[in-house]
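Structural overview
For reference, the chains in residue letters:
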Amino acid sequence: MGSNSSRIDDLATNEYLKKLSGTESVSENDPFWNQLLSFSFPAPTSSNELKLLEEATISVCRSLVENNPRTGNLGALIKVFLSRTKELKLSAECQNHIFIWQTHNALLIICCLLKVFISEVSEEELQLHFTYEEKSPGSYSSDSEDLLEELLCCLMQLITDIPLLDITYDILVEAISTVIVFLSCQLFHKEVLRQSISHKYLMQGRCLPYTSKVVKTLLYNFIRQEKPPPPGAHVFQQPSDGGGLLYGLASGVATGLWTVFTLGGVGSKATATPELSSPLANQSLLLLLVLANLTDAADAPNPYRQAIMSFKNTQDSTPFPSSTPHAFQINFNSLYTALCEQQTSDQATLLLYTLLHQNSNIRTYMLARTDMENLVLPILEILYHVEERNSHHVYMALIILLILTEDDGFNRSIHEVILKNITWYSERVLTEISLGSLLILVVIRTIQYNMTRTRDKYLHTNCLAALANMSAQFRSLHQYAAQRIISLFSLLSKKHNKVLEQATQSLRVSLSSSDVPLPDYAQDLNVIEEVIRMMLEIINSCLTNSLHHNPNLVYALLYKRDLFEQFRTHPSFQDIMQNIDLVITFFSSRLLQAGAELSVERVLEIIKQGVIALPKDRLKKFPELKFKYVEEEQPEEFFIPYVWSLVYNSAVGLYWSPQDIQLFTMDSD
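This structure is a prediction, so every number in the text was calculated from the model and none was measured.

The number of helices and strands found in the chain is 28 helices and four strands. Evaluated residue by residue, the chain yields a buried proportion of 55% over its 669 residues. When contacts within the chain are restricted to residue pairs at least 6 apart in sequence, long-range pairs at least 24 apart make up 75% of them. Of the accessible surface of the chain, which amounts to about 29,700 Å², a share of 50% is contributed by carbon and sulfur atoms.

Right under this line is the structure:
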C-alpha cells in the first residue's frame, strides 16, 4: 500500500507505516494521523487473510517495538483513537461514515500492533510501552492516568454502547478482537496464567462496572447472528452535498497513497468466508468463553463467570438476591433457539455446557421445554459423527447429555417424543423412533467406537453413566435400541473372554520360562469387568423399574440368553445377575409352554402377558443408579487451553504464527 500501490506486499515499505514505526516522534495533534487512517480496503475476515496481513506488516510492527521507547508513537496512536471514540456514538446516530471509518482503521492498526507486541515482549514491558512519550530516549509519563486501562475500558464501552448498524459492524468486530488480543498473552505461556495485568484490569478497577453489560451484549450478539453488511456498505460514501474539507482530504488520500485494494492483489476474487456467516457472533462467543474462563483473582472471583452463573430470564420477575453481583436478564427463548441452531461449532457446544453446568436458571428453563428434541438432536449428531469431531467437542456433547440425564423428568419425556426419518443415522433406516431410543443408540455407538479406536476410559465412563441415569425410565424401547444394548453386552463378553484367555496363556508361558516377563492383564480384566457390571446394572435397572414398558428388551434378552450363562456364577456379577436370570428363566418357561415355531409377534404377545403374571416382589431391589457430573479439580487446566485452541483455530478473526504458540501442541484437535 505504498504510493499508488495495490499490493499487500508493499505494506512493509508504505511511507506512513514507516513513519509510525520509525525513529521520529509524531504528536497526537499532527495531521499525519488523518493521512495514516484514511486507507480503505476490505477488513480481513479470515485467518488466511490475516496471515497475509501479518506477514506483510511484521517488519513494521517490530520496528515500532524497537523505536517506541524513544518515540512514544504507540501511545500517541492510542490517544488519537481514544479521542475519536468520544464522538463515536454520535457519529453512528448521524451516519458519519468517514469518522467511523477512520476510527475503525485506527483500531485495526492498534490490534495488529498489539498482537506483535504481546507475542514479543513481556506484559510488564508492554505496560511500559503504553507509558512512553515524546521525550528523551526511554523516558515515560509520570501521569497517574493509565493508558492501557483506559484503552481496555474504552473497548468495553464501545462493545456495549455503540449501536449495531452497517457502518459500525466492522468496528464492533475489531473492538471484540482487540480485547481477545489483549488476553492472548496466555498463548505464549505453557502454564495457565493465574496472574496477569490485563486480567487485573478487566476484573477489577474501572472495567468492573461493565461486566454484566459486556456479558449480556456478547450473548445477544451470539443470539442475533448478524451477518456482515454487503461489501461497500460500511465504506464511506460521498455525501449528496459534495462533502466538506474532511471528505475531500480523506477521499483524496484514499484514492492516492492509500489505494483501495484487496488482500489478494488487483483483480483477485474475494474468497467466501469459511464456515461462519457472522464474524460478530463468532468473535463475541469466543471473547465470552475467554472471559468466563479467566482464573479467579487471589482476592476476588471472576466477575464474568459470576455474571454467567446468575443471569435470569426476562420473563422472571422475582428479585435478584442482594448477594448476586453483576446480575442481568436476557430472553431465554431467543438464547435457547440460538443454542439449538449453532451446535455444529465447538464454541457453541462449550457455551451450552457452561450455561447448563453453571447457571441453574438456564438449566431449569431448558429441562422444562417441551421441544427438547431441538437441543438434543444436534448433540446426538455430534456424537454420531465422532470420527469427524475433535475429542474435546465429543466430550462436551457427552457431558451435556450426562447433565440432562440427571433429571428424571427429562429421562421420562424423551421417550414420549416420537421422531420420523432420522436421515443422518445411516446404520439402519429409522422411520419412527422415540428420542430416548435414539439417544440410547447413539451413546452405545459411541461406546463401541471408543472400544475399537480411542479406548478412552473417561469417555466410556460418561457414556455408561448417561445410560445408567436413564435406565429406570426406559419406556417402549425401539426393537433396534433393545438389540443394540444386548449387542454391546455381547461385544463386552467376547472382549472379556479374549483378555481372560490371553491372561491364562501368559501365565502358562511364565510358569514354563522364568525369563519371560508377565504382561499385566489384571488391569485390563478389571476395567472390562467394571464395564460389564455397569451394563448388567443398566439392564437390571430397566427390568426392575419398567419391565412392563419394555417387551422388546425382554425379547432381545431371550434371543441372546446364552450370553449371560457364564456370568451367573461369576463372583463379580452373581448378585446383579439374580434378576436377569429370573426374567430369562420365567419367560423362557412361558415360551416353552407355548410351543415351537413362534412368530415374533406371538413371542412379544407372550412377553406382554407374562409381564402381568410375574410377581414384582420376586425381583430384588437394588439402589437406584444415579450419576452426577462433577467437574474435575482445577478445571482451568482443561478449559483454558481448549478455549484458546478454539480462538486459534477460528475460521475468522485472528491469526497467530504456529511457532510462537506455547500453550498447547498444534495438531488437528
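With that settled, consider the pattern of salt bridges. Tallying each qualifying case throughout the model produces 18 salt bridges. Notably, a salt bridge pairs Asp-371 with Arg-369, separated by 2.9 Å at the nearest N-O pair. The buried category is assigned to Asp-371, whose relative accessible area is 18%. Taken together, the salt bridges that share partners define one network made up of Arg-194, Glu-636 and Glu-637.

Attention now goes to the packing of aromatic side chains. One pass over the structure, following the stated rule, counts 21 aromatic pairs. Seen in terms of ring centroids, Phe-586 and Phe-587 are 5.1 Å apart; in terms of plane orientation they differ by 85 degrees. Their pairing is edge-to-face. The exposure class assigned to Phe-586 is buried, which follows from its relative accessible area of 15%. Phe-587 gets classed as buried once you look at its relative accessible area, which sits at 1%. Within the aromatic cluster, the residues linked to one another by ring pairs are Phe-311, Phe-328, Phe-332, Tyr-336 and Tyr-365. The ring of Tyr-201 is capped by Lys-200, whose NZ or CZ atom sits 5.2 Å from the centre of that ring. Directly above the aromatic system of Phe-320 lies the positively charged group of Lys-312, at a separation of 4.2 Å from the ring centroid.

The subject of this paragraph is the confidence of the model for the chain. When pLDDT is averaged along the chain, the result is 85, and 86% of the positions lie at 70 or above. Counted against residues more than four places away or in other chains, residues 1-6, with its pLDDT under 50, gives 23 contacts. Under a pLDDT of 50 for its full length, residues 235-275 has, in the predicted model, 72 contacts with residues more than four places off or in other chains.

As a further point, take helix 18 (residues 373-384). Taking 1.5 Å per residue as the helical rise, helix 18 with its 12 residues ought to reach 16 Å, and the 15 Å between its terminal C-alpha atoms agrees with that figure. Extensive coverage of helix 18 is indicated by the burial of 10 of its 12 residues. The complete set of buried residues in helix 18 reads Glu-373, Leu-375, Val-376, Leu-377, Pro-378, Ile-379, Leu-380, Ile-382, Leu-383 and Tyr-384.

Another aspect to go through is the packing of helix 25 (residues 551-559) against helix 27 (residues 600-613). Axis separation between helix 25 and helix 27 bottoms out at 10 Å; the angle between their running directions is 110 degrees. Taken together, the axis directions place helix 25 and helix 27 in an arrangement best described as roughly perpendicular. Considering how the two elements wind past one another, helix 25 and helix 27 form a crossing that is right-handed. From helix 25, Pro-551, Asn-552, Val-554, Tyr-555 and Leu-558 reach across to helix 27, where they touch Val-600, Val-603, Leu-604, Ile-607 and Lys-608. Taken together, the residues that form the contact of helix 25 with helix 27 break down as eight nonpolar, one polar and one charged.

What follows deals with helix 21 (residues 435-452). Here helix 21 spans 26 Å end to end across 18 residues, near enough to the 26 Å set by a 1.5 Å rise per residue. Judged by how many residues are buried, helix 21 sits mostly within the fold: 17 of 18 residues are covered.

Below, the discussion takes up unusual backbone geometry. In most cases, non-glycine residues show a negative phi, while peptide bonds are predominantly trans. Although it is not a glycine, Gln-95 sits at a positive phi angle of roughly 55 degrees. Of note, Gln-95 is situated in the loop between helix 5 (88-93) and helix 6 (97-120). The exposure class of Gln-95 is partly exposed, given its relative accessible area of 42%.

Note on terminology: disulfide describes a covalent bond linking the sulfur atoms of two cysteines. Tallied over the full model, the rule gives zero disulfides. In this structure Cys-112 is a free cysteine whose sulfur lies 6.0 Å from that of Cys-111, the closest cysteine sulfur available.

All right, on to the side chain of Asn-359 then. Its location among the elements puts Asn-359 in the loop between helix 16 (346-358) and helix 17 (360-368). Once residues lying within four places of it in the same chain are set aside, the contact partners of Asn-359 are Ile-308, Met-309, Ser-310, Phe-311 and Thr-354.

If you look at the biggest cluster of nonpolar residues, it comprises 223 residues, and the most contacted ones within it are Leu-438, Phe-564 and Trp-656. In terms of residues, this core owes the most to one element, helix 6, which gives 13 residues. Apart from the residues lying within four places of it in its own chain, the contact partners of Leu-438 are Leu-377, Leu-380, Leu-419, Ile-422, Trp-424, Tyr-425, Leu-430 and Ile-433.

With that settled, the discussion passes to the environment of Leu-128. Along the chain, Leu-128 turns up in helix 7 (residues 123-129). The exposure class of Leu-128 is partly exposed, given its relative accessible area of 37%. Between the C-alpha atom of Leu-128 and that of Pro-69, which follows or precedes it by 59 residues, the distance is 8.4 Å.

Here we come to the environment of His-478. Tracing the sequence through the fold places His-478 in the loop between helix 22 (457-471) and helix 23 (479-512). Separated by 38 residues in the primary sequence, His-478 and Ile-440 place their C-alpha atoms 9.8 Å from one another. Apart from the residues within four sequence positions on either side, His-478 is in contact with Leu-430, Glu-432, Ile-433, Ser-437 and Asn-552.

Take the environment of Ala-281 next. Note that Ala-281 resides in helix 13 (residues 279-292). The class for Ala-281 is buried, based on a relative accessible area of 2%. Through-space distance from the C-alpha of Ala-281 to that of Leu-219 is 8.5 Å; in sequence the pair is 62 residues apart. Not counting residues up to four positions away in its chain, the partners in contact with Ala-281 are Asn-221, Phe-222 and Gln-225.

How two helices sit against one another is set out by the angle between their axes and by the gap between those axes. Contact geometry for helix 8 (residues 147-161) and helix 9 (residues 169-183): axes closest at 9 Å, N-to-C directions at 140 degrees. Considering their axes alone, helix 8 and helix 9 lie oblique with respect to each other. Of the two elements, helix 8 crosses helix 9, and the hand of that crossing is left-handed. Residues Leu-148, Leu-151, Leu-152, Leu-155, Leu-158 and Ile-159 of helix 8 form the contact with helix 9, whose own contacting residues are Ile-171, Leu-172, Ala-175, Ile-176, Thr-178, Val-179 and Phe-182. Across the contact of helix 8 with helix 9, the residue classes tally to 12 nonpolar, one polar and no charged.

Rules behind the numbers
Residues numbered from 1 in each chain as written. Predicted model: local features only at pLDDT ≥ 70, side-chain atom pairs only at ≥ 80, totals over all residues. Heavy atoms only, no water. Helix = DSSP H or I, 4+ residues; strand = E, 2+ residues; numbered from the N terminus. Buried < 20%, exposed > 50% of the residue type's maximum accessible area, 1.4 Å probe, protein only. Contact = heavy atoms within 4.5 Å. Areas by Shrake-Rupley, 256 points an atom, 1.4 Å probe, with all protein chains shown as cover. Salt bridge = Lys/Arg side-chain N within 4 Å of Asp/Glu carboxyl O. Phe/Tyr/Trp six-rings, centres within 6.5 Å; stacked < 30°, edge-to-face > 60°. Lys NZ or Arg CZ within 6 Å of the ring centre and 35° of its normal. pLDDT = per-residue confidence, 0-100. Expected span 1.5 Å × (residues − 1). Axes fitted to C-alpha atoms, helices over the stretch in contact; angles between N-to-C directions. Parallel < 35°, antiparallel > 145°, perpendicular 65-115°, else oblique. Left-handed = near helix turned anticlockwise from the far one by under 90°. Nonpolar A, V, L, I, M, F, W, Y, C, P; charged D, E, K, R; others polar. Disulfide = S-S within 2.5 Å. Core = buried A, V, L, I, M, F, W, Y, C linked by side-chain atoms within 4.5 Å.

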